[in-house]
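Architecture and fold: a report
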Amino acid sequence: CGPCKMMAKNIFPKPEVGAFFNPNFINLKVQLDTTKNDNAEVKAWYAAAHDIMVNYEVKVFPTYLFLDPNGKLVHRSVGSSDAATFIAKAKRALDPATQYFTLKEKFTAGDRTPALLKTLANAAMEAYDLPNVKVFADAYVATQQDLLTKENIEFLSQLTQSSQDKGFALMLQHTEAFDAVLGKGKTKNTVRAIILQEDVFPVIWSPTGKAFQWNTLQQDLQKKYGKTGEETAAYAQVFYYQQTGNWDDFAPAVTKFMQQYGSDLPAAELNSFAWAIFEHCSDMNCVEQAVEWAKKAAIEKDANYLDTYANLLYKS
């Protein structure tokens with residue numbers, strides 16, 4: 001996979017990575033998927049690779065498994081990263097106070113101290129043990145008197161992945177408090193992403209091809225999530241038209257959405273909407289509005305955002 005190749009090419013060969021890993025670990029890289037281009041060495045590992053994937057429940061690539069000298073799994077982490085982050089992950093594997101599976105054993109033995117629960121929840125996220133993220137996070141939340149402290153808001157925002165997580169309801173009810181810690185618009189964007197994943201995409205991308213009505217979807221979301229649901233339905237409509245290339249409906253939908261809800265959108269989405277208008281809309285009123293979106297995104301001085309802004313200025 002792409003992230004695995006990036007790590008092998010750009011991170012593993014770095015001198016600082018070798019200087020840390022070689023004295024502390026016996027390092028082994030195993031390809032768990034199979035391709036028609038696999039060489040003899042990779043093929044020789046097919047059976048062992050299959051056993052590793054099954055026995056250690058590897059669900060994402062790359063996954064890093066840390067075993068002690070007796071072959072006992074003590075820690076796990078996932079994903080590509082820069083060298084410093086990769087080394088930091090491995091340092092946690094060397095310390096029993098941060099080893100994920102060592103901490104899980106303490107939890108199983110009955111330890112419910114807030115510090116352990118908080119560390120466990122974060123370690124579970126790093127290990128991509130998503131079912132246990134909720135278990136540990138819920139247990140930690142149960143120990144807290146005030147969930148709206150800066151520390152707890154940061155904790156909940158990092159671990160809220162679904163509408164069933166404790167942080168989701170708090171984000172809906174206390175958006176301003178979360179934004180005061182995370183930054184304006186961050187809370188709403190997190191909530192919207194969850195609603196889209198759970199309530200919108202299964203409907204608009206139905207594998208059965210079943211037709212749907214925007215009005216019905218909007219009513220359902222509004223009933224379930226209030227004003228946030230109504231806003232998410234409007235965003236979903238813009239996203240759907242953009243993804244399907246329905247530019248005639250996209251232009252009025254995106255301008256209406258931006259007028260009503262666009263003040264908190266991140267720069268990347270402002271740029272995406274503005275560029276779509278540049279490419280596909282000839283209505284100069286719409287173009288003039290897109291100039292303002294692009295101008296707001298261009299404040300970040302990103303070259304792509306500046307390019308969009310320049311193109312729209314030229315078009316207008």
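Residues numbered from 1 in each chain as written. Predicted model: local features only at pLDDT ≥ 70, side-chain atom pairs only at ≥ 80, totals over all residues. Heavy atoms only, no water.

**Examining the nonpolar core**
- Counting 67 residues, the largest nonpolar core has F273, I277 and W293 as the members making the most contacts within it.
- Counting 14 residues, the second-largest nonpolar core is a separate cluster that includes M7, F21, Y64 and I87. (Core = buried A, V, L, I, M, F, W, Y, C linked by side-chain atoms within 4.5 Å. Buried < 20%, exposed > 50% of the residue type's maximum accessible area, 1.4 Å probe, protein only.)

**Re the pattern of salt bridges**
- According to the stated counting rule, one finds 11 salt bridges in the structure shown.
- A salt bridge links E151 to K118, with the nearest nitrogen and oxygen atoms 3.2 Å apart. Highlighted residues: E151 in helix 9 (residues 150–159) and K118 in helix 7 (residues 114–126), separated in sequence by 33 residues.
- Between D199 and K224 there is a salt bridge, with its nearest N and O atoms 2.9 Å apart. A residue pair is termed long-range when its members are at least 10 positions apart, and D199 in helix 12 (residues 186–204) and K224 in helix 13 (residues 214–225) qualify at 25 residues.
- Owing to a relative accessible area of 53%, K224 belongs among the exposed residues under this scheme.
- Connected through salt bridges with shared partners, the residues K184, K188, R192, E231 and D264 form a single ionic network. (Salt bridge = Lys/Arg side-chain N within 4 Å of Asp/Glu carboxyl O. Helix = DSSP H or I, 4+ residues; strand = E, 2+ residues; numbered from the N terminus.)

**Here's the deal with the pairing of strand 2 (residues 73–78)**
- Along strand 2, six of the six residues are buried, which leaves the element largely enclosed by surrounding structure.
- Pairing analysis gives five bridges linking strand 1 (residues 63–67) to strand 2, with the strands arranged antiparallel. Bridge assignment links Y64 to a residue of strand 2, and that residue is S77.
- Connecting strand 1 to the next strand, strand 2, in antiparallel fashion are five residues, including G71 with a positive phi near 85°. (Pairing = 2+ DSSP bridges.)

**Focus on the layout of surface pockets**
- Volume-wise, the largest pocket comes out at about 1,600 Å³.
- Looking at side-chain class alone, the lining of the largest pocket contains 28 nonpolar, 10 polar and six charged residues.
- Empty space within the second largest pocket amounts to approximately 250 Å³.
- Around the second largest pocket sit 13 residues that line it, and Q218, A233, A234, Q237 and K256 are the ones nearest its centre. (1 Å grid on protein atoms, 1.4 Å probe; cavity = no way out; pocket = protein on both sides within 12 Å on 5 of 7 lines; lining within 4 Å. Points joined across faces, edges and corners; volume = space filled by probe spheres on them. Nonpolar A, V, L, I, M, F, W, Y, C, P; charged D, E, K, R; others polar.)

**What about empty space enclosed by the protein?**
- Inspection of the entire model under this criterion finds one cavity of 30 Å³ or more.
- In terms of lining, the largest cavity is formed by K134, A137, D138, V141, L156, L159, T160, D165, K166 and G167.
- Ranked by residue count, the leading element in the lining of the largest cavity is helix 8 (residues 130–141), at four residues.
- In terms of residue class, the lining of the largest cavity is made up of four nonpolar, two polar and four charged.

**A look at unusual backbone geometry**
- Cis geometry marks the peptide bond from F61 to P62, where omega comes out at -10°.
- Within the element layout of this structure, P62 appears in the loop between helix 4 (46–55) and strand 1.
- A positive phi angle, close to 50°, is found at E57, a residue other than glycine.
- Tracing the backbone shows E57 in the loop between helix 4 and strand 1.
- A positive phi angle, near 65°, is found at K301, a position not held by glycine.
- Structurally, K301 can be placed in the loop between helix 17 (284–298) and helix 18 (303–315).

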